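Commentary on secondary and tertiary structure
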Amino acid sequence: MSMEERFSRTALLLGDGAMARLRSAKIALFGLGGVGTCTAEFLARSGAARLWLYDFDRITPSSCNRLLSAGSATLGMEKAAAMRARILDINPQAEVAAEPLFLGPENAAAVLAAGAFDLVIDAIDSLNPKVSLLEAAVLGNHPVISSMGAAARTDPAQVSSTTLWKTHNCPLAAKVRQGLRRRGIR
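Residues numbered from 1 in each chain as written. Predicted model: local features only at pLDDT ≥ 70, side-chain atom pairs only at ≥ 80, totals over all residues. Heavy atoms only, no water.

**Remarks on the pattern of salt bridges**
Short version of the rule: When a carboxyl oxygen of Asp or Glu lies within 4 Å of a side-chain nitrogen of Lys or Arg, that pair is called a salt bridge. Here a strand is any run of E in DSSP of at least two residues, a helix any run of H or I of at least four, and the numbering for each starts at the N terminus. Three labels apply to residues, based on accessible area from a 1.4 Å probe with only protein chains included: buried if under 20% of the type maximum, exposed if over 50%, partly exposed otherwise in between.
One pass over the full model with this rule turns up 7 salt bridges. For Glu 78, the salt bridge is made with Arg 58, and the minimal N-O distance between the two is 3.8 Å. On the criterion of sequence distance, the pair formed by Glu 78 in the loop between strand 2 (50-54) and helix 5 (79-90) and Arg 58 in the loop between strand 2 and helix 5 is long-range, its members being 20 residues apart. When its relative accessible area of 26% is taken as the criterion, Glu 78 is described as partly exposed.

**Notes on the packing of helix 4 (residues 34-46) against helix 5**
Condition: Every axis in this analysis is a line fitted to C-alpha atoms, fitted for helices over the stretch in contact. Angles between the N-to-C directions lie between 0 and 180 degrees. Each angle gets one of four labels, with under 35 degrees taken as roughly parallel, over 145 as roughly antiparallel, 65 to 115 as roughly perpendicular, and the rest as oblique. Working rule for handedness: look at the near helix, and if it is turned counterclockwise from the far one by less than a right angle, call the crossing left-handed; if clockwise, right-handed. Contacts were defined at the residue level, with two residues in contact if any of their heavy atoms lie within 4.5 Å.
Running from N to C, helix 4 and helix 5 cross one another at 20°; their axes reach a closest spacing of 9 Å. With respect to helix 5, the axis of helix 4 lies roughly parallel. Regarding helix 4 and helix 5, the two cross each other, and that crossing is right-handed. Only Met 83, Arg 86, Ile 87 and Ile 90 of helix 5 make contact with helix 4, whose side of the interface consists of Thr 37, Ala 40, Glu 41, Ala 44 and Arg 45.

**So, the nonpolar core**
Buried together is how nonpolar side chains tend to be arranged in soluble globular proteins. Stated formally: Here, nonpolar core refers to any group of buried Ala, Val, Leu, Ile, Met, Phe, Trp, Tyr and Cys residues whose side-chain atoms link them within 4.5 Å.
Ile 27, Leu 29, Leu 51, Leu 53 and Ile 87 are the most contacted members of the largest nonpolar core, which has 20 residues in total. Looking at this core, the element that brings in the most residues is helix 5, giving 4 residues. Those residues in contact with Ile 87, other than ones at most four positions away along the chain, are Ala 40, Ala 44, Leu 51, Leu 53, Ala 94 and Val 96. Counting 15 residues, the second largest nonpolar core, distinct from the first, contains Ala 97, Leu 112, Leu 133 and Ala 137.

**Some details on the pairing of strand 4 (residues 119-122)**
Regular strands show a simple pattern: their side chains alternate between the two faces of the sheet. Filter applied, for reference: In short, DSSP must find at least two bridges between two strands for them to pair. Seen with the strands pointing away from the viewer, any crossover whose path from the first strand over the helix to the second strand runs clockwise is right-handed.
Direction of pairing for strand 1 (residues 27-30) relative to strand 4: parallel, over a ladder of 4 bridges. Looking across to strand 4, one finds that Phe 30 is bridged to Asp 122. Inspection of the sheet shows strand 4 paired to strand 5 (residues 144-146) by 3 bridges, in the parallel sense. Each bridged residue has a counterpart across the sheet, and for Val 120 the counterpart in strand 5 is Val 144. Regarding the hand of the β-α-β motif, the stretch spanning strand 4, helix 7 (residues 127-139) and strand 5 is right-handed.

Listed below in C-alpha cells is the structure:
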C-alpha cells in the first residue's frame, strides 16, 4: 500500500499543502500515558511521519486500561519503545525515535535545542518535569501544546483549548502556572 493511499482520507480533509507540512514536521512528544499514546497514534494515523517520543517509564498491568501501546505482549517494555513499534506498524516509512528519558531542569533545554523541533507536545503528568519542559519551550521559542489535568473527569464537553494563563478549574494548571512564575516565566 502506498503512503498516498494510506493517508488519502486525511489528505482529502487537509489538502496537499497541509499534508506535506504534517509529513515533514519534526514533532516531539513528552509523556506516553493515556493522553500521550492517543496523541502519538492519532498523529501517526493522520500522516505525521517524524516523531520523537520521550518517556522514562515502562508498561505495567495498570497501563492496559488506558495506553494504546499497552497489552500482554508489551508488559515490561519501555513506553517509548512500545509506542515506536506501534507507530511503525501504522506507517513503516515514518521516522520515529524513542528515548527512555526522565525530563527535568538539568536536561530540558538541551533536549529541545538538540532536536530543533517544529512542535513540542507536553503530555507529562508530573508537575516538575512538565514545568521544566514548558520553561525550556518558552525560553527556546519552541511552539508547544500542553495537556493539563483530566484525571477522574467524565464530561468531554468541558475540554477546552486556551492558553495556560486563561485556564480555570484545573488544579494541575494552577500548579504549573505557579511553578512557571517561580522560574520567571509569565
